[in-house]
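Chain by chain, the residues run as shown.
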Amino acid sequence: MSKPTSAADAAARIPDGAVVTVSSSSALGCPDLVLQAIGDRFDATGHPRNLTTIHPIAAGDMYGVKGVDHIAKDGLLTRILGGSYPSGPSSKPMPEIWKMIVEDRVAAYNVPSGILFDMTREAAARRPGVLTKVGMDTFADPIRQGCAMNKTAAQAPIVKRVEFEGDTWLHYPNIVPTVAVLRATTADDHGNLTYEHEGAYLGGLEQAICVRNHGGLVIAQVSRMTKRGSLRPHDVRVPGHLVDLVVIDPDQKQTCETLYDPAISGQIMRPWDSFALAEHGVEKVIARRAAMELSPGMTANLGFGISAMVPRILLEEGHPEAVTWVIEQGAVGGMPLTGFAFGCASNADAFVPSPQQFITFQGGGFDVSFLSFMEVDREGNVNVSKLAKKPYLTAGCGGFVDITSGARKIVFSGWFEAGAQIDLTPKGITVTTPGTFTKMVEAVEHVTFSGRRALQVGQEVLYITERCVIRLTDAGLIATEIIPGIDPARDIVAASGGRVQIAPDAITLPPSLLADAPMGWGK
């Protein structure tokens, strides 16, 4: 078989009923041309039909890389399992895949990203599925939603509780992929793949092995071809014997809104003073307090939102390399990027394949995780994965469940109230107008993190807001540190409906957090 081919020919090789695993992380590493060709073929011929697709991390974004939206069509897509889904602001139209999900036109599941990589590995080795504690007492647990995102999915469960060796586990039976769609930078005539312009390896090797072991079809999208023998063996991440077809797209983007940045793929190192510092404001105050949980030499995981500002706090303090950052897409060290490029890092020490990164996370091989929250309830449960009124404002759980299941210490950051008018001065923060609703709710809409299980396994959990630092205790949510200027009775207890109480020995945080100048981290 001649491996170089057109996207249309590659799409034509996918049979009806196929289970297609896609390597991507939003626009990062997205094989968009191949996904477009699958959708175009269906529009023209009505085939392939009844596909199941598996996306350990989202395919596509809402900023020009359609990804999964190319195949979000009735008749083409029957079932989808995603660690995350394309997300963005409510000012943008709802993605087609979200329309299918909320209208119950596809059986849709939100499965923790690490679990989807685990399922790939177990299916590859023909073992009987994934046995794990990850996701216990969260929405992934069958005692809650069992990963189902709609009624159709709930009628076809993919996870169950089982007893093994005197303990309770979650069991995910194998879902065997028959087609893999990957993306790399360069392929040679034999199909060997290198990733020199990519910002992450993601899980392409594991996905290719799994499909090859089951006699399926592996399609790789790349930006260029070269002769066999011209690639350094150490640079080849997916060997050619695993690849059936190669599709060339010279215009593939490196990541969201980025055609190519050599610093993202580690081909150049940026000066530290070329990175923008966090803009002074209330969110920076929150990120500064989060940074106080760090000390030199730590390894820390990082999530989206306010937490993504924490590395910039250390940069401003003159310690950009004091902490090793690890993010789920695979970058280790360096400066994690924010905004459209989140999930990438510049000046990274290394790139680890996502499946191995998730093994580190699930096993707790890091010191602390910095994550964000949409809402927190009186039991300490956190929701970041579902917002029924505006579903595509959140991408789903991604790696959040894998990370929080294994973390020894978790620092959540977010706003105490939505819509409050806040006055920030060097002396304190004042709530001039109360918010429209509190983020400290009676019961979260979706349990992405279980406070009850955290207490059972002895995790240390903090929630940092613009008003206080809250700790999860057996007595509930207790504010132990107060931002200067905040009225604890009015702005915390009353504003939360009594769900957050004040510790008798609560302290006032230092005003250095509020100043428009470095706060003296590490001193």
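One can find the structure itself at the top, above this paragraph.
Throughout this document, residue positions are counted from 1 along each chain, in the order its sequence is written. Per-residue local features of the predicted model are confined to residues with pLDDT of at least 70, and side-chain atom pairs are confined, for both listing and counting, to 80 or more; whole-chain, interface and lining totals are unaffected and use all residues. Values shown for side chains rest on all heavy atoms present in the structure; no hydrogens or waters enter the calculation.

Considerations on the overall build of the protein
In step 1: A tally of helices and strands in the protein yields 12 helices and 34 strands.
In step 2: Along the longest, intermediate and shortest principal axes, the C-alpha atoms of the protein span 75 × 50 × 45 Å.
In step 3: A burial count over the protein gives 58% of its 523 residues as buried.
In step 4: Long-range pairs, those at least 24 residues apart, make up 75% of the contacts in the protein with a sequence separation of at least 6.
In step 5: For the accessible areas, the method is Shrake-Rupley and the probe is 1.4 Å, while residue cover comes only from the protein chains on display. Accessible area for the protein stands at about 19600 Å²; split by element, carbon and sulfur atoms hold 53% of it.
In step 6: Positive: Lys, Arg. Negative: Asp, Glu. His and the chain ends are not part of the count. Note that the charge is assigned to NZ on lysines, CZ on arginines, CG on aspartates and CD on glutamates. Here the protein carries 46 positive and 55 negative side-chain charges, and the mean point of each set is 3 Å from the other. Runs of E in the DSSP output that reach at least two residues are strands. Runs of H or I that reach at least four are helices, and both are numbered from the N terminus. Accessibility here uses a 1.4 Å probe with only protein chains present; expressed as a share of the type maximum, an area under 20% marks a residue as buried, one over 50% as exposed, and anything in between as partly exposed. Whether two residues touch is decided by their heavy atoms; if any such pair falls within 4.5 Å, the residues are in contact.

A word on the sheet that holds strand S24 (residues 382-383)
In step 1: Overall, mixed pairing links the three strands, which are arranged S24-S23-S30 in an open sheet. The sheet terminates laterally at S24 and strand S30 (440-441), the two strands that pair on one side only.
In step 2: Where strand S23 (residues 375-377) lies against S24, two bridges are found, and the strand directions are antiparallel. Residue pairing across strands places Glu 375 opposite Asn 383, the latter belonging to S24. When DSSP finds two or more bridges between two strands, those strands count as paired.

Comments concerning the pattern of salt bridges
Side-chain pairs of opposite charge can arise whenever the charged atoms involved come near each other.
In step 1: Any carboxyl oxygen of Asp or Glu that lies within 4 Å of a side-chain nitrogen of Lys or Arg is treated as forming a salt bridge with it. Following the criterion strictly, the structure yields 29 salt bridges and no others.
In step 2: The salt bridge involving Glu 293 is made with Arg 289; its shortest N-O contact spans 2.8 Å. A single burial state applies to Glu 293 and to Arg 289, both of which are buried.
In step 3: Residues Arg 471 and Glu 460 are paired through a salt bridge, measuring 3.3 Å at the closest nitrogen-oxygen approach.

Concerning the packing of aromatic side chains
In step 1: Aromatic rings from Phe, Tyr and Trp, taking only the six-membered ring of Trp, are treated as a pair when their centres fall within 6.5 Å; an angle between ring planes under 30 degrees marks them as stacked, one over 60 as edge-to-face, and anything in between as tilted. This model, assessed by the stated rule, comprises 12 aromatic pairs.
In step 2: Considering the side-chain rings of Trp 272 and Phe 275, the 5.8 Å spacing of their centres and the 35° angle between planes classify their relative orientation as tilted.
In step 3: According to the relative accessible area criterion, Trp 272 is partly exposed, its value standing at 24%.
In step 4: The cationic tip of Lys 133 hangs over the ring face of Trp 169; the distance from NZ or CZ to the ring centre is 4.9 Å.
In step 5: When the NZ atom of lysine or the CZ atom of arginine is within 6 Å of a ring's centre and also within 35 degrees of its normal, the charge is said to sit over that ring. One Lys or Arg, Arg 270, reaches over the ring of Phe 275 and ends 3.8 Å from the middle of that ring.

Some points on the sheet that holds strand S2 (residues 19-22)
In step 1: Within the open sheet, the eight strands sit side by side as S1-S15-S12-S9-S2-S3-S4-S5. Their pairing is parallel. Two strands lie at the open edges of the sheet, namely strand S1 (4-5) and strand S5 (107-110), each paired on one side alone.
In step 2: Pairing between strand S9 (residues 179-183) and strand S12 (residues 217-222): five bridges, direction parallel. If you follow Ala 180 over to S12, its bridge partner there is Val 218.
In step 3: Strands in contact with helix H2 (residues 32-45) are S2, strand S3 (51-55), S9, S12 and strand S15 (245-248); relative to S12, the strand with the most contacts, it is inclined by about 125°. Every angle, taken between N-to-C directions, lies between 0 and 180 degrees, and every axis is a line fitted to C-alpha atoms, over only the stretch in contact when it is a helix.

What to know about the environment of Ser 372
In step 1: With respect to the helices and strands, the residue Ser 372 is situated in strand S22 (residues 368-372).
In step 2: On the basis of relative accessibility, which here comes to 14%, the residue Ser 372 falls in the buried class.
In step 3: Separated by 330 residues in sequence, Ser 372 and Phe 42 place their C-alpha atoms 39 Å apart.
In step 4: Discounting chain neighbours no more than four positions away, the residues touching Ser 372 are Phe 304, Gly 305, Ile 306, Ser 307, Val 382, Val 384, Phe 400, Phe 412 and Ser 413.
In step 5: Side-chain polar atoms of Ser 372 contact the backbone oxygen of Phe 304, separated by 2.7 Å.
In step 6: For the purposes of these results, a polar contact is taken to be a pair of N or O atoms within 3.5 Å, where, inside protein, one atom must be able to donate a hydrogen and its partner to accept one; residues adjacent in sequence count only when each atom of the pair is a side-chain atom. For Ser 372, the side chain forms a polar contact with the main-chain nitrogen of Ile 306, separated by 3.4 Å.

As for the packing of helix H4 (residues 113-124) against helix H9 (residues 354-362)
In step 1: Remark: H4 packs on H9, axes separated minimally by 9 Å, with the N-to-C direction vectors making an angle of 120°. In terms of axis orientation, H4 runs oblique to H9. Like other packed secondary-structure pairs, H4 and H9 cross with a definite hand, here left-handed. Residues Ser 113, Gly 114, Ile 115, Phe 117, Asp 118 and Arg 121 of H4 form the contact with H9, whose own contacting residues are Ser 354, Pro 355, Phe 358, Ile 359 and Gln 362. Between 65 and 115 degrees an angle is taken as roughly perpendicular, under 35 as roughly parallel, over 145 as roughly antiparallel, and anywhere else as oblique. Two helices that cross are described as forming a left-handed crossing if the nearer one is turned anticlockwise from the farther one by less than a right angle, and a right-handed crossing if clockwise.

Points about the side chain of Ser 223
In step 1: Secondary-structure assignment places Ser 223 in the loop between S12 and strand S13 (224-226).
In step 2: If near-sequence neighbours (up to four positions away) are discounted, Ser 223 is found in contact with Ala 184, Thr 185, Ile 248, Asp 249, Pro 250 and Gln 252.

Quick look at helix H6 (residues 204-213)
In step 1: Taken residue by residue, H6 has Gly 204, Glu 206, Gln 207, Ala 208, Cys 210 and Val 211 as its buried positions.
In step 2: Tucked into the core, H6 has its buried residues touching S2, H4, S9, S12, strand S14 (236-238) and H9.
In step 3: Positive backbone phi, approximately 70°, marks Gly 215, located one or two places after H6.

Notes on the side chain of Arg 312
In step 1: Inspection of the secondary structure assignment puts Arg 312 in helix H8 (residues 310-316).
In step 2: At 9.7 Å, Asp 261 is the nearest oppositely charged side chain to Arg 312, a buried residue that forms no salt bridge.
In step 3: Excluding residues within four positions of it along the chain, Arg 312 makes contact with Phe 275, Ala 276, Leu 277, Ala 278, Met 335, Pro 336, Leu 337 and Thr 338.

A short note on the state of the cysteines
In step 1: By definition, disulfides here are pairs of cysteine sulfur atoms that lie within 2.5 Å. Using the criterion set out here, one finds zero disulfides in the structure.
In step 2: Here Cys 210 stays unpaired: no disulfide links it, and the sulfur of Cys 147, its closest cysteine neighbor, is 18 Å away.
In step 3: Taking the relative accessible area as the measure of exposure, Cys 210 reaches 0% and is therefore buried.
In step 4: As a non-bridged cysteine, Cys 397 has Cys 147 as the owner of its nearest cysteine sulfur, 7.2 Å distant.
In step 5: Here Cys 397 falls in the buried class, since its relative accessible area comes to 4%.

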